[in-house]
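Structure at a glance
The lines below spell out each chain.
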Amino acid sequence: MPPDALACLHHGEPPPDADPRRLRLPLPRLHGPAAELWSAGRPVLAAGSEQGLHWAHDGQQLFAHLSVAAEDVIAASEDVYWRLERLVVHHGFPYWLRTWNYLAGINAGEGDGERYRQFCLGRGQALAARSDFERHLPAATAIGSAEPGLVVAVLAGRKPGVALENPRQVAAFRYPRQYGPRSPSFTRAMLLRDESGAGAAARLLVSGTASIVGHATRHAGDVLAQLDEAAVNVEALLRHAAVSHFPDVGEPMWTPESFKVYLRHAEHAEAVRAAFERRLAHGLPWTLLQGDICRQDLLVELEAVYRWDGPG
Ligand code: 3EB
């Protein structure tokens, strides 16, 4: 494991060395490398495991994760978010930057009993207890898993990032009531500016992005049209981040660093792989995973990390 790896995401069994930075994602891999490193380019200073929580930090950012049973989704989600909140505060990284959430049977249950909506309730109950919580929501991904339980990972900062919304989309935390009793507690992207002079000058952590315009699903039943709409959403977000926070730089300023694509049906893998290579991958390695998207009518979702290396 490289000394600057905050986490290693495994698609398949990790080596049995009990390194707290290893996290096995509970999703079948359809394309891409068997493991991905998450790093900000700084050496890891401390890491540990206690009471099922695993963490590592580099002095600026802390990555933590845990896996729990989730029969009662509301209680399990609230409990997990409280445990992570206590951990990040205890270590001095109180700003939530980004989360990843993988929940068994995310679309099971009817209406407000759907497990995703229950997850949103539990997560929201924990996060809303923090002061001014809508200004400090993390970027996020929430995907369904065929394995039991709930896996949550968080990247937290010593300092806050800048939460960004997408001009093409209603903020998820303002979705209307029809999508559930508690709107999803996440922001569309987190902008991290690095003044230290090491590594990138800025990174943009783009949340799971789907074929949603306003608050409505577009192109139900058409996976390639959904992929295209999601890509347009990401492009709108990149433009918005550039003009609102780097007005002197102009675009295009962002270089893609990594992508993950989540696909509901494995039989769409070949078509999505070809379309993604053409539209977005730019020759970068990327990962295609099989998982349920949190709305029944969504077939595909993508997340990304972009970097900007600064002027000159
Ligand atoms: C959406 O835009 C699609 O509940 O944490 C994407 C990313 C989605 C994160 C979450 C949900 C979440 O509403 C779904």
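Residues numbered from 1 in each chain as written. Predicted model: local features only at pLDDT ≥ 70, side-chain atom pairs only at ≥ 80, totals over all residues. Heavy atoms only, no water.

The next thing to look at is the site of the ligand. Taken together, 13 residues are adjacent to the ligand, and Tyr116, Arg123, Tyr175, Arg188 and Cys294 come closest. Measuring from an oxygen atom of the ligand, one finds a side-chain N or O atom of tyrosine 116 at 2.5 Å. Between the ligand and the protein, one listed contact pairs an oxygen atom with a side-chain N or O atom of arginine 188 at 2.8 Å. Starting from 360 Å² of accessible surface for the ligand in isolation, the protein chains cover 99%. Put simply, the parts of the chain that give the shell around the ligand at least two residues each are helix H2 (115-127) and strand S9 (139-145). Sorting elements by how many residues they give to the shell around the ligand places S9 first, with 3 residues. A breakdown of the residues in the shell around the ligand according to their chemical character gives 8 nonpolar, 2 polar and 3 charged. (Near = heavy atom within 4 Å. Polar contact = N/O pair within 3.5 Å; in protein donor to acceptor, adjacent residues only side chain to side chain. Areas by Shrake-Rupley, 256 points an atom, 1.4 Å probe, with all protein chains shown as cover. Helix = DSSP H or I, 4+ residues; strand = E, 2+ residues; numbered from the N terminus. Nonpolar A, V, L, I, M, F, W, Y, C, P; charged D, E, K, R; others polar.)

Per the UniProt entry, the sites bearing "domain: Chorismatase FkbO/Hyg5-like N-terminal" (unreviewed entry) are residues 36-156 in this numbering. For residues 36-156, the end-to-end C-alpha separation is 19 Å, with 26% helix and 37% strand making up the annotated structure. (UniProt positions renumbered as here; feature names shortened; annotations may be inferred.)

A full pass over the atoms with the stated rule returns 0 disulfides. Of all cysteine sulfurs, the one in cysteine 120 lies closest to cysteine 294, which takes part in no disulfide; the gap is 7.0 Å. (Disulfide = S-S within 2.5 Å.)

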